[in-house]
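Residues per chain are reported as follows:
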Amino acid sequence: EAEVAQSPRYKITEKSQAVAFWCDPISGHATLYWYRQILGQGPELLVQFQDESVVDDSQLPKDRFSAERLKGVDSTLKIQPAELGDSAMYLCASSLAPVDTQYFGPGTRLTVL
Amino acid sequence: AQSVTQLGSHVSVSEGALVLLRCNYSSSVPPYLFWYVQYPNQGLQLLLKYTSAATLVKGINGFEAEFKKSETSFHLTKPSAHMSDAAEYFCAGKSVTEKLVFGKGTKLTVNP
């Protein structure tokens, strides 16, 4: 069964450092999402891609976060500089199209010290 | 805008007992509704989804949910809880044009 891949699974960094997360969606899925999940809460959308284009980044803190999906396949989410409040689970999901079911990867647990 | 409310952040049941996790949605248009399960330090796994084909939706691991438009509810049930059901459960909803919105989650504990 096809799955969404994410790496790394865990990342510990110090504040002010740069971090990057990688996501490889299910093959053929044109829509890719990055979510942030703070402990004890539901995921919140950070950015949504349709192929290589950003269609929603309204909740992305653009002063420190950036996301790209250059060839419309895999994607990278970057934080620079990391802050203590960025400690969370970062989840990637993909779907065939925006109206279709989203399938999630295992996530990256970020701890900022 | 779509919103989803899960009633009860923690639910505790005995093994073999009925599981009932509550979810209410608000929307002026027919929604797509989902239940996901999350085990510690893992991603979300789809349990089931409602897309207007049938009001009673059966999912994996013996779970099912019933869409009730009159009550704007989409509660998740399982007749007999198993120890392996202990996890956090998220209800989520969206319309055709809006993003997927999650509830705050319900942590299910199953006691032996």
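Residues numbered from 1 in each chain as written. Chains lettered and ligands numbered in written order. Predicted model: local features only at pLDDT ≥ 70, side-chain atom pairs only at ≥ 80, totals over all residues. Heavy atoms only, no water.

Draft legend 1. Main features of the interface of chain A and chain B. On the chain B side, the residues contacting the 22 residues of chain A number 17 residues. Area buried by chain A at its contact with chain B is led by V99, T101 and F104 of chain A, which between them contribute 29% of it. Across the contact surface, chain A and chain B share 0 salt bridges. Where the side of chain A that touches chain B is concerned, the elements lending two or more residues are β4 (31-37), β9 (88-95) and β10 (103-104) of chain A. The residue makeup of the side of chain A that touches chain B, split by class, is 11 nonpolar, 8 polar and 3 charged. (Contact = heavy atoms within 4.5 Å. Buried area = accessible area lost by both parts, 1.4 Å probe. Salt bridge = Lys/Arg side-chain N within 4 Å of Asp/Glu carboxyl O. Helix = DSSP H or I, 4+ residues; strand = E, 2+ residues; numbered from the N terminus. Nonpolar A, V, L, I, M, F, W, Y, C, P; charged D, E, K, R; others polar.)

Draft legend 2. Broad picture of the state of the cysteines. Using the criterion set out here, one finds 2 disulfides over all chains in the structure. One disulfide in the model links C23 of chain A with C92 of chain A; its S-S distance is 1.9 Å. Its torsion about the S-S bond being -70°, the disulfide of C23 of chain A and C92 of chain A is classed as left-handed. In this pair, C23 of chain A sits in strand β3 (residues 19-24) while C92 of chain A sits in strand β9, placing the two residues 69 residues apart along the sequence. Between C23 of chain B and C91 of chain B runs a disulfide, and the two sulfur atoms are separated by 2.0 Å. The sign of the -65° torsion about the S-S bond sets the C23 of chain B-C91 of chain B disulfide as left-handed. Linking C23 of chain B in strand β3 (residues 19-26) with C91 of chain B in strand β9 (residues 87-94), this pair joins segments that are 68 residues apart in sequence. Exposure remark for C23 of chain B: the relative accessible area of 0% places this residue in the buried category. When its relative accessible area of 0% is taken as the criterion, C91 of chain B is described as buried. (Disulfide = S-S within 2.5 Å. Buried < 20%, exposed > 50% of the residue type's maximum accessible area, 1.4 Å probe, protein only.)

Draft legend 3. Looking closely at the sheet that holds strand β8 (residues 75-79) of chain A. All names here are of chain A. Overall, antiparallel pairing links the 4 strands, which are arranged β1-β3-β8-β7 in an open sheet. Single-partner strands in this sheet number two, and they are β1 (5-7) and β7 (65-68). Taking the axes of each pair of neighbouring strands and ignoring which way they run, one obtains an average angle of 15° across the sheet. Sheet analysis places β3 next to β8, joined by 5 bridges and oriented antiparallel. Each bridged residue has a counterpart across the sheet, and for V19 the counterpart in β8 is I79. (Pairing = 2+ DSSP bridges. Axes fitted to C-alpha atoms, helices over the stretch in contact; angles between N-to-C directions.)

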